[in-house]
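The lines below spell out each chain.
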Amino acid sequence: MVIGVLVLPWVAVQAAPSRELIEVWKTPTCGCCKDWISHLEKEGFDVKTYMVSESTKTAQRSKIGIPEKMGSCHTALVKGYALEGHVPGRDIRRLLNERPRALGLAVPGMPVGSPGMDGPEYGGRKDPYNVLLVQRDGSSSVFHAYS
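This structure is a prediction, so every number in the text was calculated from the model and none was measured.

Here we take up unusual backbone geometry. Positive phi outside glycine occurs at Lys79, with the angle close to 50°. You can see Lys79 is positioned in the loop between strand S3 (75-78) and strand S4 (81-85). Located in the positive-phi region is Arg99, a residue other than glycine, with phi close to 50°. One can find Arg99 in the loop between helix H4 (89-98) and strand S5 (104-107).

What follows is about the sheet that holds strand S6 (residues 129-134). To summarise the sheet geometry, strands pair through backbone hydrogen bonds and adopt either a parallel or an antiparallel arrangement. The strand order S2-S1-S3-S4-S5-S6-S7 describes an open sheet built from seven strands, whose pairing is mixed. Of all the strands in the sheet, the pair left with one neighbour each is strand S2 (46-51) and strand S7 (140-146). Each neighbouring strand pair of the sheet contributes to a mean axis angle of 20°, computed without reference to strand direction. Direction of pairing for S3 relative to S4: antiparallel, over a ladder of four bridges. Residue pairing for S4: Val78 is matched across the bridge by Tyr81. Against the sheet, helix H3 (residues 54-64) touches strand S1 (21-26), S3 and S4, its axis set at about 45° to S3. Against the sheet, H4 engages S1, S3, S4, S5, S6 and S7, with an angle of about 135° to S7.

All right, on to the packing of aromatic side chains then. In this structure the tally under the stated criterion is two aromatic pairs. An angle of 20° between the planes, with centres 4.8 Å apart, marks the rings of Trp25 and Tyr50 as stacked. Here the residue Trp25 occupies a position in strand S1, and Tyr50 occupies one in strand S2, the gap between them amounting to 25 residues. Given the relative accessible area of 11%, Trp25 is considered buried. Here Tyr50 falls in the partly exposed class, since its relative accessible area comes to 24%. Ring geometry for Tyr129 against Tyr146: centres 4.8 Å apart, planes inclined by 15°, an arrangement best described as stacked.

A separate point is the state of the cysteines. For the coordinates displayed, the defined rule picks out zero disulfides. The thiol of Cys32 is unpaired, and the distance to the nearest cysteine sulfur, on Cys30, comes to 3.4 Å.

What follows deals with the nonpolar core. Formed by 23 residues in total, the largest nonpolar core has its most connected members in Ile22, Trp36, Leu83, Ile92, Leu105 and Val131. Mapped onto this core, the elements with two or more residues apiece are S1, helix H2 (31-42), S3, S4, H4, S5, S6 and S7. Once residues lying within four places of it in the same chain are set aside, the contact partners of Leu83 are Ile22, Trp36, His74, Thr75, Ala76, Val78, Ile92, Leu95 and Leu105. Listed in part, the seven residues of the second largest apolar core include Ile64, Met70, Ala106 and Val134.

On to the confidence of the model for the chain. Low-confidence regions, as indicated by low pLDDT, have predicted coordinates that should not be scrutinised in detail. Per-residue confidence for the chain gives a mean pLDDT of 90, with 88% of residues at or over 70. Scored below 50 in pLDDT, residues 2-16 shows one contact in the model against residues more than four places distant or in partner chains.

It is worth spelling out the pattern of salt bridges at this point. Once their charged atoms are close, side chains differing in charge can pair, the charge on each being opposite to the other. For the structure shown, the criterion picks out six salt bridges. The shortest N-O distance in the salt bridge between Arg19 and Asp46 comes to 2.9 Å. In this pair, Arg19 is assigned in the loop between helix H1 (2-15) and S1 and Asp46 in strand S2, connecting sequence segments 27 residues apart. Here Arg94 and Glu98 are joined by a salt bridge, their closest N and O atoms 2.9 Å apart. Of this pair, Arg94 and Glu98 both sit in helix H4, four residues apart, roughly one helical turn. Here Arg94 falls in the partly exposed class, since its relative accessible area comes to 32%.

Procedures and definitions
- Residues numbered from 1 in each chain as written.
- Predicted model: local features only at pLDDT ≥ 70, side-chain atom pairs only at ≥ 80, totals over all residues.
- Heavy atoms only, no water.
- Helix = DSSP H or I, 4+ residues; strand = E, 2+ residues; numbered from the N terminus.
- Pairing = 2+ DSSP bridges.
- Axes fitted to C-alpha atoms, helices over the stretch in contact; angles between N-to-C directions.
- Contact = heavy atoms within 4.5 Å.
- Phe/Tyr/Trp six-rings, centres within 6.5 Å; stacked < 30°, edge-to-face > 60°.
- Buried < 20%, exposed > 50% of the residue type's maximum accessible area, 1.4 Å probe, protein only.
- Disulfide = S-S within 2.5 Å.
- Core = buried A, V, L, I, M, F, W, Y, C linked by side-chain atoms within 4.5 Å.
- pLDDT = per-residue confidence, 0-100.
- Salt bridge = Lys/Arg side-chain N within 4 Å of Asp/Glu carboxyl O.

Here you go:
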């Protein structure tokens, strides 16, 4: 009985999901960015948001190393990885679990149906899109395809 008392608190602490911090750079007027941040919070992430000008956001993307062709409406960082655009929380978790040698993940453009681009104003429409694993040299490969 004593062993159960000693083990259970340890198991409960170990089983609690970690709340990783994601830092997001976005413009104050972007509604889909706000919706993506809500998605992240529902997925169990903590989010720190920086409201910046378009030029500052673009400069941050460049500083992080995301190629311009992979740009979207917001740029983020989590545990040393870059996130560009409407990357789903489940793919961020997979990235953090697998820890590939890469710059991060990107969803170029703003595909309808991706997190933050899935509100009622889109009428349930879901366009196919890819989450790309971006390498430090700017090359990429498909990390997860949504059809």
